[in-house]
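Below are the chains, spelled out letter by letter.
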Amino acid sequence: MLAQLHTDILVLGSGGAGLFAALHAKQADPRLSVTVAVKGLLGKCGCTRMVQGGYNVALAQGDSVERHFMDTIEGGKWLPDQDLAWKLVTLAVERIHELENELGCFFDRNPDGTVHQKAFAGQTFDRTVHKGDLTGIEIINRLAEQVWARDIGRLEEHRAVELVRAADGDGIAGVLFIDMRTGEYRFVRARAVLLATGGGPTMYKYHTPSGDKSCDGLAMALRAGLALRDMEMVQFHPTGLLAGTHTRMTGTVLEEGLRGAGGYLLNGDKERFMSRYDAKGERATRDIVSRAMFAEMRAGRTTPNGGLYISMQHLERAEVGRQFKGMVERCADCGFDLAGGLVEVVPTAHYMMGGVEFRADCSTSLRGLYVAGEDSGGVHGANRLGGNGVANSTVFGAVAGDTMAAHARDLPLRAPDRAAIDAAIARCERPFSAPGGNVNEVREALYELMWDKVGIIRSGADLQAARERLQALRDALAASGIRDATRAYNLTWHDRLNLENLLEVSAAITAAALAREDSRGAHFREDFPEAGPLERSAYTSVRQVEDELVVAMKPVAFTRVRPGESLL
Ligand SMILES: Cc1cc2nc3c(=O)[nH]c(=O)nc-3n(C[C@H](O)[C@H](O)[C@H](O)COP(=O)(O)OP(=O)(O)OC[C@H]3O[C@@H](n4cnc5c(N)ncnc54)[C@H](O)[C@@H]3O)c2cc1C
């Protein structure tokens, strides 16, 4: 017997997007039942909690939403959906006031009492609001407190495994979960479902996102037949900590503010190299800096662990300690002196600009399904500016909450397609009957493959090879069984399910990267190094049809500004 629950609004994920959506939906219509279901513990998981640098918003005198918009469009290499980007920059102002004045966040201030805003790469104005260098903890703690204080249902340690359509095919009926504490399946019926599981490119050898993120939402969306846009656009953060293979700290991010504050990047010969690649030096956008670093590494000018260095030692030690307390402590834990010495770093997969295609009210092509945050695609185009990520999740989380509350009463509770539920359960059960195999070997092979062939510098030949190898890895995983048949807290099982999703989404990234025969932002093809004509900008849209991935190129609509023009 399958356990079943009903709720009016079901939110998947408790990052900035999920929690804002739950709060806004409940506030808009308190009579609606709202439930947040999350793979980890509410308030303790996901990447919003890990936000270090801060939140971009045009608040200061001299700055403007138009300027923030133009930075976002130009940073995104003219690929962002302009209406989504406009919504981002205008509603970020409302959300930051809500965070401060209604939810109780304390952000750093200037001596005159105004909110302090710091420099982040790729922006023409210092507009990043922050709380020291641990901004996300402040935001998520305040959001979680508000959710706990309200009549909002919680399903913690519940892993969503499938978006289930209605039996009559008209829209979504609900979501199938595994209760990770018992291993039992549970189906939650809902009028409206929000996908806010936060993407997370953890298929790369070096990566920053939290361990609970394995592109589950994107894989579920693909299986449900939704189109994902901009999937080739995987952002690498230039400064991941490189502390050896023995520690999970390797790959974790050292924030962009270090370069904003004047930090230098040095190669293994202790030479400052960025000016050879870009006039903005270390303050160039993430894609440019990561590519320059990768080129230095390929040329063999590396540190003992195979990376490069960041150096703050030419700056005042006490000031570095004051501004970057969290980073200094993290580096010290790994034996590095950030304020006074050299720290080994490597570009690290950080963020997915790509995600589910959606409208400005967060609705998708599947009736009753909404999307917000890093699971969504189109806001950032080819490159996300540092500080626009948490703005994106909070802005569109709130929009989704408002929209779902407005629509929920008109959406029926639908009967689910029972065959789809059975098929999803059979898929999840397969590891218990598969023979031998080695899940860890598949994971290690995936890490290397994505880093080498679908990473910072790409080519058609490498991408073709990756496509074939990914299929081989999927076959190898399908044949990999799990010895321990316990269902409760069986983390090997969940690891195996994570990997299945990562492989599916890796195939979508590779297909989109093969289709884009130019170089824009995070996507660089050695065989097509030019950006191509900006006026004919098109984005990739990938869908799973039967077992095939189909990619279409769709023209970008310049609804507010055309290449060569500016709103300023
Ligand atoms: C180290 C780090 C530093 C960052 N610093 C900044 C910064 O300074 N500024 C900035 O703008 N952005 C930053 N970002 C990016 C930013 O964190 C993200 O853009 C944003 O927080 C994403 O929010 P989200 O709500 O979409 O996802 P998340 O906050 O990641 O939340 C996803 C939620 O979904 C849950 N989930 C996942 N899979 C499932 C499933 N199958 N079933 C149920 N629940 C599931 C997770 O447990 C989690 O609760 C940083 C990211 C990292 C990793």
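Up top is the structure these notes are about.
Residues numbered from 1 in each chain as written. Predicted model: local features only at pLDDT ≥ 70, side-chain atom pairs only at ≥ 80, totals over all residues. Heavy atoms only, no water.

Colleague: Help me understand the sheet that holds strand β15 (residues 355-356), please; the structure alone is not making it clear to me.
Modeller: Hydrogen bonds between backbone groups are what pair the strands of a sheet, and the pairing can be parallel or antiparallel. Spatial strand order, β15-β10-β17-β18: four strands in an open sheet with antiparallel pairing. Sheet topology places β15 and β18 (548-555) at the edges, where each strand pairs with a single neighbour. Strand direction decides the pairing type here: strand β17 (residues 538-545) and β18, joined by eight bridges, are antiparallel. Within β18, the residue paired with Thr540 across the bridge is Met553. Sheet strands in contact with helix α14 (residues 491-515) are β17 and β18, and its direction is about 45° off that of β18. (Pairing = 2+ DSSP bridges. Helix = DSSP H or I, 4+ residues; strand = E, 2+ residues; numbered from the N terminus. Contact = heavy atoms within 4.5 Å. Axes fitted to C-alpha atoms, helices over the stretch in contact; angles between N-to-C directions.)

Colleague: Can you help me understand the packing of helix α13 (residues 460-478) against α14 in this one?
Modeller: How two helices sit against one another is set out by the angle between their axes and by the gap between those axes. Orientation of α13 relative to α14, taken along the N-to-C sense of each, is 160°, at an axis distance of 10 Å. Taken together, α13 and α14 sit at an angle that is classed as roughly antiparallel. In terms of crossing hand, the pair formed by α13 and α14 is left-handed. Contacts from Gly460, Leu463, Gln464, Ala466, Arg467, Leu470, Leu473, Arg474, Leu477 and Ala478 of α13 reach α14 at Arg496, Leu499, Glu500, Leu503, Glu504, Ser506, Ala507, Thr510, Ala513 and Leu514. A breakdown of the residues in the contact of α13 with α14 according to their chemical character gives eleven nonpolar, four polar and five charged. (Parallel < 35°, antiparallel > 145°, perpendicular 65-115°, else oblique. Left-handed = near helix turned anticlockwise from the far one by under 90°. Nonpolar A, V, L, I, M, F, W, Y, C, P; charged D, E, K, R; others polar.)

Colleague: What is the right way to look at the layout of surface pockets in this model?
Modeller: It is a probe the size of a water molecule, rolled over the atoms, that shows where empty space is left. Quantified by volume, the second largest pocket comes out at close to 1000 Å³. Along the walls of the second largest pocket sit 33 residues, with Arg223, Arg474, Glu504, Gln544 and Asp547 positioned nearest its centre. The set of elements that each furnish at least two residues to the lining of the second largest pocket consists of β7 (158-165), α5 (216-223), α11 (418-429), α13, α14 and β18. A total of nine residues in the lining of the second largest pocket trace back to one element, the largest contributor, which is α14. The residue inventory of the lining of the second largest pocket, partitioned by class, reads 17 nonpolar, three polar and 13 charged. (1 Å grid on protein atoms, 1.4 Å probe; cavity = no way out; pocket = protein on both sides within 12 Å on 5 of 7 lines; lining within 4 Å. Points joined across faces, edges and corners; volume = space filled by probe spheres on them.)

Colleague: Even after reading the chapter, I still don't get the environment of Asp484, so can you show me in this structure?
Modeller: Here Asp484 is to be found in the loop between α13 and α14. C-alpha of Asp484 to C-alpha of Phe432: the two residues are 52 residues apart in sequence and 8.0 Å apart in space. When neighbours within four sequence positions are excluded, Asp484 is seen to be in contact with Phe432 and Asn490. A distance of 2.4 Å separates the side chain of Asp484 from the side chain of Thr486, its partner in a polar contact. (Polar contact = N/O pair within 3.5 Å; in protein donor to acceptor, adjacent residues only side chain to side chain.)

Colleague: So what exactly am I meant to see when it comes to the packing of helix α1 (residues 16-28) against helix α10 (residues 388-408) here?
Modeller: Running from N to C, α1 and α10 point in directions that differ by 35°, and their axes come no closer than 7 Å. As α1 runs across α10, the sense of the crossing is right-handed. Where α1 abuts α10, its residues Gly16, Ala17, Phe20, Ala21, His24, Ala25 and Ala28 lie against Ser393, Thr394, Gly397, Ala398, Gly401, Asp402, Met404 and Ala405.

Colleague: Teacher, can you tell me more about the site of the ligand here?
Modeller: In the vicinity of the ligand, 40 residues are found, and the nearest of them are Cys47, Thr48, Asp212, Lys213 and Asp216. Take Ala17: an N or O atom from its main chain is 3.0 Å from an oxygen atom of the ligand. Contacts to the ligand include Thr48, whose side-chain N or O atom sits 2.5 Å from an oxygen atom. Protein coverage of the free-state accessible area of the ligand, which is 1000 Å², stands at 99%. Residues that form the shell around the ligand fall into these classes: 13 nonpolar, 20 polar and seven charged. (Near = heavy atom within 4 Å. Areas by Shrake-Rupley, 256 points an atom, 1.4 Å probe, with all protein chains shown as cover.)

Colleague: It is not clear to me how the sheet that holds strand β5 (residues 128-129) should be interpreted in this structure. Could you clarify?
Modeller: Strand order in the open sheet formed by three strands is β3-β5-β4, with antiparallel pairing between adjacent strands. Of all strands in the sheet, those with a lone pairing partner are β3 (55-56) and β4 (117-118), marking the two edges. Alignment of β3 against β5, held across two bridges, turns out to be antiparallel. From the neighbouring strand, Asn56 faces β5, where its bridge partner is Thr128.

Colleague: I keep staring at the packing of aromatic side chains and nothing clicks. Help me out?
Modeller: Any aromatic ring pair is given by two values, namely how distant the centres are and how the planes are angled relative to each other. Tallied over the entire structure, the rule returns ten aromatic pairs. When the ring of Tyr204 is compared with that of Phe236, the centres are 5.1 Å apart and the planes differ by 85°; the resulting orientation is edge-to-face. Here Tyr204, found in the loop between β9 (184-195) and α5, pairs with Phe236, found in strand β11 (residues 234-241); they are 32 residues apart in sequence, far enough to count as distant. Considering the side-chain rings of Phe358 and Phe396, the 5.6 Å spacing of their centres and the 85° angle between planes classify their relative orientation as edge-to-face. One end of the pair, Phe358, is in the loop between β15 and β16 (369-371); the other, Phe396, is in helix α10, and 38 residues separate them in sequence. Residue Phe396 is classed as buried on the basis of its relative accessible area of 0%. Taken together, Tyr204, Tyr206, Phe236, Phe294 and Trp451 form an aromatic cluster joined through their ring pairs. Cation over ring: Arg384 sits above Tyr351, and NZ or CZ is 4.1 Å from the ring centre. Just above the ring of Trp493 sits the side chain of Arg487; from NZ or CZ to the centre is 5.8 Å. (Phe/Tyr/Trp six-rings, centres within 6.5 Å; stacked < 30°, edge-to-face > 60°. Buried < 20%, exposed > 50% of the residue type's maximum accessible area, 1.4 Å probe, protein only. Lys NZ or Arg CZ within 6 Å of the ring centre and 35° of its normal.)

Colleague: Sorry, what's going on with the pairing of β9 here?
Modeller: For a regular strand, side chains alternate in direction, first toward one face of the sheet and then toward the other. Most of β9 is tucked away: nine of the twelve residues are buried. In this sheet, β9 lies alongside strand β8 (residues 172-179) in antiparallel orientation, the contact comprising six bridges. In the strand pairing of β9, Val175 is matched with Val188. Here β8 hands over to β9 after four residues, with Gly183 in that stretch at a positive phi of 85°.

Colleague: Help me out: how do you make sense of the pattern of salt bridges in this one?
Modeller: Pairs can form between side chains of opposite charge whenever their charged atoms are close. Applying the stated criterion across every chain, the model contains 43 salt bridges. Close ionic contact of Arg191 with Asp8 constitutes a salt bridge, the shortest N to O distance being 2.8 Å. Of the two residues, Arg191 sits in strand β9 while Asp8 sits in strand β1 (residues 3-12), which places them 183 residues apart along the sequence. On the basis of relative accessible area, Arg191 is assigned to the partly exposed category, the value being 22%. Judged by relative accessible area, Asp8 falls into the buried class, the value being 13%. Here Asp29 makes a salt bridge to Arg409, at a shortest N to O gap of 3.0 Å. Of this pair, Asp29 sits in the loop between α1 and β2 (34-37) while Arg409 is found in the loop between α10 and α11, placing the two residues 380 residues apart along the sequence. Where salt bridges share partners, they join Glu162, Arg223, Arg427, Arg496, Glu500 and Glu504 into one cluster. (Salt bridge = Lys/Arg side-chain N within 4 Å of Asp/Glu carboxyl O.)

Colleague: It is not clear to me how helix α2 (residues 65-75) should be interpreted in this structure. Could you clarify?
Modeller: Two residues of an α-helix separated by three or four positions point the same way, owing to the 3.6 residues in each turn. α2 sits mainly inside the fold: eight of its eleven residues count as buried. Listing the buried residues of α2 in full gives Val65, His68, Phe69, Met70, Asp71, Thr72, Ile73 and Gly75. The inward-facing, buried residues of α2 abut β3, α3 (82-102) and α10. Positive backbone phi, at 55°, marks Lys77, one or two positions downstream of α2.

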